[in-house]
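Descriptive structure summary
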Amino acid sequence: MARPLLLYTTLGCSLCEKAKAEIWPLLKPFDLSLQEVDIADDALLLERFATQIPVVGLGDHDDVCPWPFDGEQLRHWLGNRL
């Protein structure tokens, strides 16, 4: 089963759509599934990421890949963690 790659986002985030374009090609090679997490649903996430989204992570809120990133930067970040 694919491990979830978390995309911290919120409704109307136009940069999040750009981030998804960089994320999609990496899901299969890293055996990941994209899971969007709306920061507006969690006060702690909202406080932590409100000015940084889109942010990609694997579950550790202290170890994330914040925007801006391109596919190569994200590949490198993932490669160091998986």
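Structure report, in brief. (Residues numbered from 1 in each chain as written. Predicted model: local features only at pLDDT ≥ 70, side-chain atom pairs only at ≥ 80, totals over all residues. Heavy atoms only, no water.)

**A few points about the pairing of strand 1 (residues 3–9)**
For strand 1, the tally of buried residues reaches five of seven residues, placing the bulk of the element in the interior. In terms of strand pairing, strand 1 meets strand 2 (residues 32–38) through seven bridges, oriented parallel. By the bridge assignment, L5 is partnered in strand 2 with L34. Crossover handedness for the path strand 1 to helix 1 (residues 14–27) to strand 2: right-handed. (Buried < 20%, exposed > 50% of the residue type's maximum accessible area, 1.4 Å probe, protein only. Helix = DSSP H or I, 4+ residues; strand = E, 2+ residues; numbered from the N terminus. Pairing = 2+ DSSP bridges. Right-handed = clockwise from strand over helix to strand, strands pointing away.)

**Notes on the packing of aromatic side chains**
In this description, a pair of aromatic rings is defined by centroid distance and the angle of the planes. Tallied over the full model, the rule gives two aromatic pairs. Ring plane angle 75° and centroid distance 5.1 Å describe the contact between W67 and F69, whose orientation is recorded as edge-to-face. You can call F69 buried: its relative accessible area is 5%. (Phe/Tyr/Trp six-rings, centres within 6.5 Å; stacked < 30°, edge-to-face > 60°.)

**Thoughts on the sheet that holds strand 1**
Sheet strands line up and pair through hydrogen bonds in the backbone, either parallel or antiparallel. Taken in spatial order, the four strands line up as 2-1-3-4 in an open sheet, and their pairing is mixed. Two strands bound the open sheet, and with one partner strand each, they are strand 2 and strand 4 (64–66). Along the sheet, successive strands turn relative to each other by an average axial angle of 25°, direction set aside. Where strand 1 lies against strand 3 (residues 55–57), three bridges are found, and the strand directions are antiparallel. Within the sheet, the bridge partner assigned to L7 lies in strand 3 and is V56. (Axes fitted to C-alpha atoms, helices over the stretch in contact; angles between N-to-C directions.)

**Here's the deal with the environment of D62**
Here D62 is to be found in the loop between strand 3 and strand 4. Of the polar contacts made by the side chain of D62, one reaches the side chain of R48; its length is 3.2 Å. (Polar contact = N/O pair within 3.5 Å; in protein donor to acceptor, adjacent residues only side chain to side chain.)

**Topic: the state of the cysteines**
Joining two cysteines, a disulfide is a covalent bond between their sulfur atoms. One pass over the structure, following the stated rule, counts one disulfide. One disulfide bridge connects C13 with C16, the sulfur atoms lying 2.2 Å from each other. Given an S-S torsion of about 80°, the disulfide between C13 and C16 has right-handed geometry. With no disulfide of its own, C65 lies 13 Å from the sulfur of C16, the closest cysteine sulfur. Residue classification places C65 among the buried residues on the basis of a relative accessible area of 8%. (Disulfide = S-S within 2.5 Å.)

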